[in-house]
Number of protein chains: 2
Amino acid sequence: MPKVETFDRIDVLQKATEIFHKKGYNGTSMQDLVDVTHLNRSSIYNSFGSKLGIFMQVLSFYQNAGNKKMGTEIVKTHNASDTLQSIFEWYLNDIIKDEDRKGCLIVNCKSEMSNQEPLINSFMVQNQEQMIALLEDVVHNGQMEKVFNEKQTAGQYALYLYSSIQGLRMTGILNTNENELRNLIKTVLTVLY
Amino acid sequence: MPKVETFDRIDVLQKATEIFHKKGYNGTSMQDLVDVTHLNRSSIYNSFGSKLGIFMQVLSFYQNAGNKKMGTEIVKTHNASDTLQSIFEWYLNDIIKDEDRKGCLIVNCKSEMSNQEPLINSFMVQNQEQMIALLEDVVHNGQMEKVFNEKQTAGQYALYLYSSIQGLRMTGILNTNENELRNLIKTVLTVLY
DNA sequence: ATCTTATTGAAATGATCGTTTCAAAATTAA
DNA sequence: TTAATTTTGAAACGATCATTTCAATAAGAT
């Protein structure tokens, strides 16, 4: 059997995620990745195949990390209303704590590459479906609990919330006022009650 | 007196806008610009200074073209409710008619560069202020007409609408269903009534 | 201990990046 | 028609791009 990978894959993906998030896909060079990961060029190619290859793994890493962290917040809630609140609260916190105001890696990537790169497009379609399915589930529960209205179907509200989240992430790039953002969220959620 | 510019500046900016819109700032090369504008490399530098220079002019061109076209729709309306409807209808149409699903050049640029390039950041701040001022004015009128509620101030609703528009533009990149988008808009506007 | 196989390190690949150079061409005021 | 001035065209700039090459290194299996 051969020599085995010596580097910490999680750590490398973490560093790669940071630089891609900060500079975007086209703005990040292979040299940037070599610098921040402290991996050799050939090790990156050997382990990830290509720049697009490592970026796809970065996207999944970012998505999974977000899901996991948001999930731990969600499980603390006990009704649909609180769940939705905590989802938006998580996004708000993610915006506030990022002093670089980079926005969401996935939203940024969608606008940069979705219309150009089939692999990215597929990822984005899957991401949207997953997000909307989650939101639809929450809304549906809230409607069963009679705390959300039924003027629109859960699916329709899910698309509205998904779109609102993307808007929130874009707005958070320039607007740093926590109170304004919190009020924005409140306004968004008003529709459901 | 010297020789004067021979090329059509509007036409050049139009072509440059198309390629920047399709490929993004970092994805567009000077060679791309030479190819699509049919201008010589040195003519571009002589007239626009740099890649960032021509891009800044492209951003303004895109912004002005949008304002103008949306303006002609707005003047046809006679109350705040119709005005807001026609604004969103304009964005919907802009999404539907773009078979490349590129999204909004300004939103895309904001996510790609706002955190990296001061000139871009300034443009985006100005763009946001302009957009919000316009929306605030419309909402304020609607509130005076008693057709919009006053649960939130016009300024608060303006930020909500601005955020919703960005969300709509991001959603429109992947979602091509006109009915779903129209329903999304309807849901967004529900808040005001 | 040796064989096998994969990961490394360092250098080099050709292509493309944004920008500059400079002489030739072109235009208008005098 | 000439002088003044700027735009053009074509080539070249050094730097950087993503990717490849290949010998040296390292480690589990026999």
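Residues numbered from 1 in each chain as written. Chains lettered and ligands numbered in written order. Predicted model: local features only at pLDDT ≥ 70, side-chain atom pairs only at ≥ 80, totals over all residues. Heavy atoms only, no water.

### Things to note about the UniProt feature "domain: HTH tetR-type" (unreviewed entry) in chain A
Put simply, the rule is: UniProt positions are given in the numbering used here, feature names are shortened, and annotations may be inferred rather than shown by experiment. Only DSSP runs of H or I with at least four residues qualify as helices, and only runs of E with at least two residues qualify as strands; both kinds are numbered from the N terminus onward.
Following the UniProt record, one finds the feature "domain: HTH tetR-type" (unreviewed entry) at residues 6-66 of chain A. Note that residues 6-66 of chain A is 77% helix and 0% strand, and that its end C-alpha atoms are spaced 27 Å apart.

### Concerning the environment of Pro118(B)
Residue and element names in this part refer to chain B. Which entries qualify depends on this criterion: Type-normalised accessible area, obtained with a 1.4 Å probe on protein chains alone, sets the label of each residue: buried when under 20%, exposed when over 50%, and partly exposed for intermediate values.
Within the element layout of this structure, Pro118 appears in helix α7 (residues 118-144). The exposure class of Pro118 is exposed, given its relative accessible area of 58%. Taking C-alpha positions, Pro118 is 26 Å from Leu161, a pair spaced 43 residues apart along the chain.

### Digging into the relation of the copies chain A and chain B
What counts here: Superposition of the copies was done by least squares, using only C-alpha atoms of residues whose pLDDT is at least 70 in both. Whether two residues touch is decided by their heavy atoms; if any such pair falls within 4.5 Å, the residues are in contact.
For the pair chain A and chain B, the superposition axis carries a translation of 0.0 Å, the fit reaches an RMSD of 0.0 Å, and the rotation angle comes to 180 degrees. On the angle and the small slide along the axis, the relation comes out as a two-fold axis. Closest approach to the rotation axis within chain A is made by the C-alpha atom of Gly167(A), at a distance of 1.8 Å. A shared binding surface is used by both copies, with 100% of the interface residues of chain A retained as interface residues in chain B.

### Concerning the pattern of salt bridges
Put simply, the test is: We count a salt bridge whenever a side-chain nitrogen from Lys or Arg sits within 4 Å of a carboxyl oxygen from Asp or Glu.
Under the criterion given, the structure shown has 18 salt bridges over all chains. Residue Lys15(A) is joined to Asp11(A) by a salt bridge in which the shortest nitrogen-to-oxygen separation is 3.4 Å. Separated by four residues within a single helix, Lys15(A) and Asp11(A) lie in helix α1 (residues 9-23), roughly one turn from each other. When its relative accessible area of 27% is taken as the criterion, Lys15(A) is described as partly exposed. In this structure Asp11(A) comes out as partly exposed when scored by relative accessible area, which is 34%. One salt bridge in this structure joins Glu73(B) and Lys76(B), with 3.5 Å as the shortest N-O distance. Under the relative-accessibility criterion, Lys76(B) is labelled exposed at 56%. Through salt bridges that share partners, Glu89(A), Glu178(A) and Arg182(A) make up one connected network.

### Looking at the interface of chain A and chain B
To be explicit about the condition: Accessible area, probed at 1.4 Å, shrinks when two parts are joined; the buried area is that loss added up over both. We call Asp, Glu, Lys and Arg charged. Ala, Val, Leu, Ile, Met, Phe, Trp, Tyr, Cys and Pro are nonpolar, and the rest, Gly among them, are polar.
Counting residues at the interface gives 40 residues for chain A, matched by 40 residues for chain B. Summing the contributions of chain A and of chain B, the shared interface buries around 3,300 Å²; its carbon and sulfur component is 59%. At the boundary of chain A with chain B, the tally comes to zero salt bridges. At the level of elements, α1, α6 (105-113), α7 (118-144), α8 (154-174) and α9 (178-190) of chain A are the ones that each hand at least two residues to the side of chain A that touches chain B. If you tally residues by element for the side of chain A that touches chain B, the top one is α8(A), at 13 residues. Of the residues assigned to the side of chain A that touches chain B, the class counts are 14 nonpolar, 18 polar and eight charged.

### With respect to the domain arrangement of chain A
Residue and element names in this part refer to chain A. Our working rule: Marked domain ranges trace back to an automatic or database domain assignment.
Parsing chain A into structural domains produces domain 1 (1-60) and domain 2 (77-190). Taking the mean C-alpha position of each, domain 1 and domain 2 sit 28 Å from one another. Taken together, the contacts link 13 residues of domain 1 with 15 residues of domain 2. Here domain 1 packs against domain 2, burying approximately 1,100 Å² in sum over the two surfaces, 75% of which is carbon and sulfur.

### Quick look at the UniProt feature "DNA-binding region" (unreviewed entry) in chain A
Within this numbering scheme, the UniProt entry marks residues 29-48 of chain A as carrying the feature "DNA-binding region" (unreviewed entry). Summarising residues 29-48 of chain A: 80% helix, 0% strand, and an end-to-end C-alpha distance of 15 Å.

### Re the packing of α6(A) against α8(A)
All names here are of chain A. Quick note on the threshold: To obtain an axis, a line is fitted to C-alpha atoms, over the contacting stretch when the element is a helix, and the angle between two such axes runs from 0 to 180 degrees between their N-to-C directions. An angle counts as roughly parallel when it lies under 35 degrees, as roughly antiparallel when it exceeds 145, as roughly perpendicular when it falls between 65 and 115, and as oblique in every other case.
It is the contact of α6 with α8, at a shortest axis distance of 10 Å, that shows an interaxial angle of 95 degrees. Accordingly, the angle class assigned to the pair α6 and α8 is roughly perpendicular. On α8, the residues touching Val107, Asn108 and Lys110 of α6 are Tyr162, Gln166, Met170 and Ile173. Among the residues making up the contact of α6 with α8, the classes are represented as four nonpolar, two polar and one charged.

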